[in-house]
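An overview of the molecular structure
The residues making up each chain are set out below.
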Amino acid sequence: MEAVLNEWIWRHDLWLPPGIHWEDIQVDPEQGHVPRPRDLTYTVPLAFAFIACRYVFESACVSTYLFQNDVLSLSTQCGLSQRKVETWFRRRRNQDRPNNTKKFCEATWRFLFYFVSFIAGLNSLVKTPWFWDQRECWRGYPNQPVSDAQYWYYTFEMGFYLSLLLCVSVDVKRKDFKEQVIHHVATIFLISFSYCANYVRVGTLVMLLHDSSDFFLESAKMFHYAGLTCICDTLFVIFAVVFLFSRLVVFPFRVVYTTLFMSMDFFKPFFGYYFFNALLLVLQALHIFWAYIILRMVYKFVFAGKVAKDDRSDEESEGDNEEELEDERDGENREQRKDSINSKLSSLANNCVLNNLTNQGNINSRLPKAR
């Protein structure tokens, strides 16, 4: 079974253009090495190392679950009304939901990685010819050596996205949860396939473009959760400009264009060509989706004067909380009105009793004189 699997993985017609075999790839050992699928096995333990570092960094919270069927029994035992017990349960549950501290730690962790990754990637690519001329991504393909800096750039990026995919169930769940999962899966396939097919040059450009705007978004979240609204608004505007330019202009018209059209000047299309471009188009569709959300927020910023809450806000801690707070206020108002009515009725009853006693005393005081 293992031999069959290795034979399938090493099929040259999956990874390389027609007529080229693994033995045909020759590179200068001083310039780098030839990428092999087994090189990516180190990303799995690296992903678990990222997870361990992250949870030490974030000091993850443990959530508890409360059950509504205990309300009536607790109401009887504590001598409180059912409404007050429900209010206590609601407030206690909100404490277990992701608070700003957890969100701040999560955003800080991602900011640190994206910022360091962007600086390291830019430093390793700014002197390369394909950074300025995308035709150089294919010149000499597939006999293109992979330098140590490019290898570690790939390894750390894939390890990080693997850790994000493994932790997606415990992260703060947002409304674009499905889109995030699709993005992580597509990114992992892109990184792994581009490395095995030696699309490393264009792959490094894709990763650099994504990191260029992601650390602005995470820094804006950090200041938002810290309560520094002015700095958050400024960083969000910078993020919106960088995102829209890099994802809707540079990515489709420079990166996707070179993989779709320029590459065919150097080799005929094969399985890897179609697979790689399909994944790039999936990413571009997600870029358009997120650009729509960002433009909505920019529209609110222009007309409201400040950045509105993130349209991707976590599902449980935003809309549900507002409805529950309204219900809680309505319940408290009803309790206050009920207490007010009860106190007025009690006062009215006391006044009636006092009046009856006074009238009875007056009648009794007049009886001896009548005799």
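Residues numbered from 1 in each chain as written. Predicted model: local features only at pLDDT ≥ 70, side-chain atom pairs only at ≥ 80, totals over all residues. Heavy atoms only, no water.

Here we come to the overall build of the chain. Tallying secondary structure elements over the chain gives 13 helices and 0 strands in all. The order of helices and strands in the chain, counted from the N terminus, is α-α-α-α-α-α-α-α-α-α-α-α-α. Scored against the burial criterion, the 371 residues of the chain give a buried share of 43%. Across the chain, contacts joining residues at least 24 apart in sequence account for 79% of those joining residues at least 6 apart. Within the structure as shown, the chain displays about 21200 Å² of accessible surface, and the carbon and sulfur contribution to it stands at 62%. (Helix = DSSP H or I, 4+ residues; strand = E, 2+ residues; numbered from the N terminus. Buried < 20%, exposed > 50% of the residue type's maximum accessible area, 1.4 Å probe, protein only. Contact = heavy atoms within 4.5 Å. Areas by Shrake-Rupley, 256 points an atom, 1.4 Å probe, with all protein chains shown as cover.)

A few words on the packing of aromatic side chains. Per the stated rule, a full pass over the model turns up 33 aromatic pairs. When the centroid spacing of 5.8 Å and the interplanar angle of 70° are considered together, the rings of W138 and F267 count as edge-to-face. Within this pair, whereas W138 is found in the loop between helix 7 (129-132) and helix 8 (148-166), its partner F267 is found in the loop between helix 11 (229-260) and helix 12 (271-304), the two being separated by 129 residues in sequence. Ring pairs connect the aromatic residues F50, W109, F113, Y114, Y151, W152, Y154, F156, F160, Y161 and Y195, which therefore count as one cluster. Against the face of Y55 rests R54, its NZ or CZ located 5.7 Å from the ring centre. (Phe/Tyr/Trp six-rings, centres within 6.5 Å; stacked < 30°, edge-to-face > 60°. Lys NZ or Arg CZ within 6 Å of the ring centre and 35° of its normal.)

This next bit is on the packing of helix 8 against helix 9 (residues 177-196). Contact pair helix 8 / helix 9: the axes reach a minimum separation of 10 Å and the direction vectors enclose 155°. On the basis of their axis angle, the class for helix 8 and helix 9 is roughly antiparallel. Considering the relative orientation of helix 8 and helix 9, their crossing is left-handed. Residues Y151, Y154, E157, M158, Y161, L162, L164 and L165 of helix 8 form the contact with helix 9, whose own contacting residues are V181, H183, H184, V185, T187, I188, I191, S192, S194 and Y195. (Axes fitted to C-alpha atoms, helices over the stretch in contact; angles between N-to-C directions. Parallel < 35°, antiparallel > 145°, perpendicular 65-115°, else oblique. Left-handed = near helix turned anticlockwise from the far one by under 90°.)

This next bit is on the pattern of salt bridges. Enumeration over the complete set of coordinates arrives at 6 salt bridges. Connected through salt bridges with shared partners, the residues R54, E106 and R110 form a single ionic network. (Salt bridge = Lys/Arg side-chain N within 4 Å of Asp/Glu carboxyl O.)

For V146, the position within the fold is in the loop between helix 7 and helix 8. The sequence separation of V146 and Y195 amounts to 49 residues, and the corresponding C-alpha distance is 9.2 Å.

Core analysis: the biggest nonpolar cluster contains 74 residues, and Y199 and F251 have the highest contact counts within it. Put simply, the parts of the chain that give this core at least two residues each are helix 2 (12-15), helix 3 (43-58), helix 6 (100-125), helix 8, helix 9, helix 10 (200-225), helix 11 and helix 12. The element best represented in this core is helix 10, accounting for 13 residues. Contacts of Y199, omitting those with residues within four sequence positions, involve W138, Y141, Y154, S194, F267, F270, G272, Y273 and F276. (Core = buried A, V, L, I, M, F, W, Y, C linked by side-chain atoms within 4.5 Å.)

For the rest of this paragraph, the subject is empty space enclosed by the protein. Applying the stated rule across the entire model yields 3 cavities of 30 Å³ or more. Roughly 130 Å³ of internal volume is contained in the largest cavity. Each residue belonging to the lining of the largest cavity can be placed in one class, and the counts come to 8 nonpolar, 5 polar and 2 charged. Taken as a whole, the second largest cavity holds about 50 Å³ of empty space. K103, E106, A107, R110, V172, R174, E218, K221 and Y225 together form the lining of the second largest cavity. Among the secondary structure elements, those contributing two or more residues to the lining of the second largest cavity are helix 6 and helix 10. (1 Å grid on protein atoms, 1.4 Å probe; cavity = no way out; pocket = protein on both sides within 12 Å on 5 of 7 lines; lining within 4 Å. Points joined across faces, edges and corners; volume = space filled by probe spheres on them. Nonpolar A, V, L, I, M, F, W, Y, C, P; charged D, E, K, R; others polar.)

Averaged over all residues, the pLDDT of the chain is 75; the fraction at 70 or higher stands at 67%. When mean pLDDT is taken per element in the chain, helix 11 scores highest with 92 and helix 13 (residues 319-370) scores lowest with 53. Taken together, the stretch residues 60-69 has pLDDT below 50 and engages in 9 contacts with residues farther than four places along the chain or on a different chain. Confidence drops under a pLDDT of 50 for residues 315-325, and excluding neighbours within four residues, the segment shows 19 contacts in the predicted structure. (pLDDT = per-residue confidence, 0-100.)

This paragraph deals with the side chain of T43. Within the fold, T43 resides in helix 3. Residues in contact with T43, not counting those within four places in the same chain, are T155, M158, G159 and L162.

This brings us to unusual backbone geometry. Most peptide bonds are trans, and most residues other than glycine sit at a negative phi. The residue N198 is not glycine, and still its phi comes out positive at about 60°. Position of N198 among the secondary structure elements: in the loop between helix 9 and helix 10. Taking the relative accessible area as the measure of exposure, N198 reaches 3% and is therefore buried.

Relative to the assigned elements, V168 resides in the loop between helix 8 and helix 9. With 16 residues separating them in the primary sequence, V168 and H184 have C-alpha atoms 9.5 Å apart. Ignoring sequence-local partners within four residues, the contact set of V168 consists of F177 and V181.

A few words now on helix 10. Counted at 1.5 Å a residue, the expected span for helix 10 with its 26 residues is 38 Å, and the 37 Å between its end C-alpha atoms agrees. The buried fraction of helix 10 is high, at 24 of 26 residues. One or two residues past the end of helix 10 sits G227, with phi positive at roughly 85°. (Expected span 1.5 Å × (residues − 1).)

A pair of packed helices is characterised by two quantities: the angle between their axes and the separation of those axes. Put simply, helix 3 and helix 6 touch, their axes get as near as 9 Å, and they point 135° apart. Between helix 3 and helix 6, the interaxial angle falls into the category oblique. Every pair of crossing elements has a handedness; the one defined by helix 3 and helix 6 is right-handed. Across the interface between the two elements, F50, C53, R54, F57 and E58 of helix 3 pack against K102, C105, E106, T108, W109, L112 and F113 of helix 6. Each residue belonging to the contact of helix 3 with helix 6 can be placed in one class, and the counts come to 7 nonpolar, 1 polar and 4 charged.

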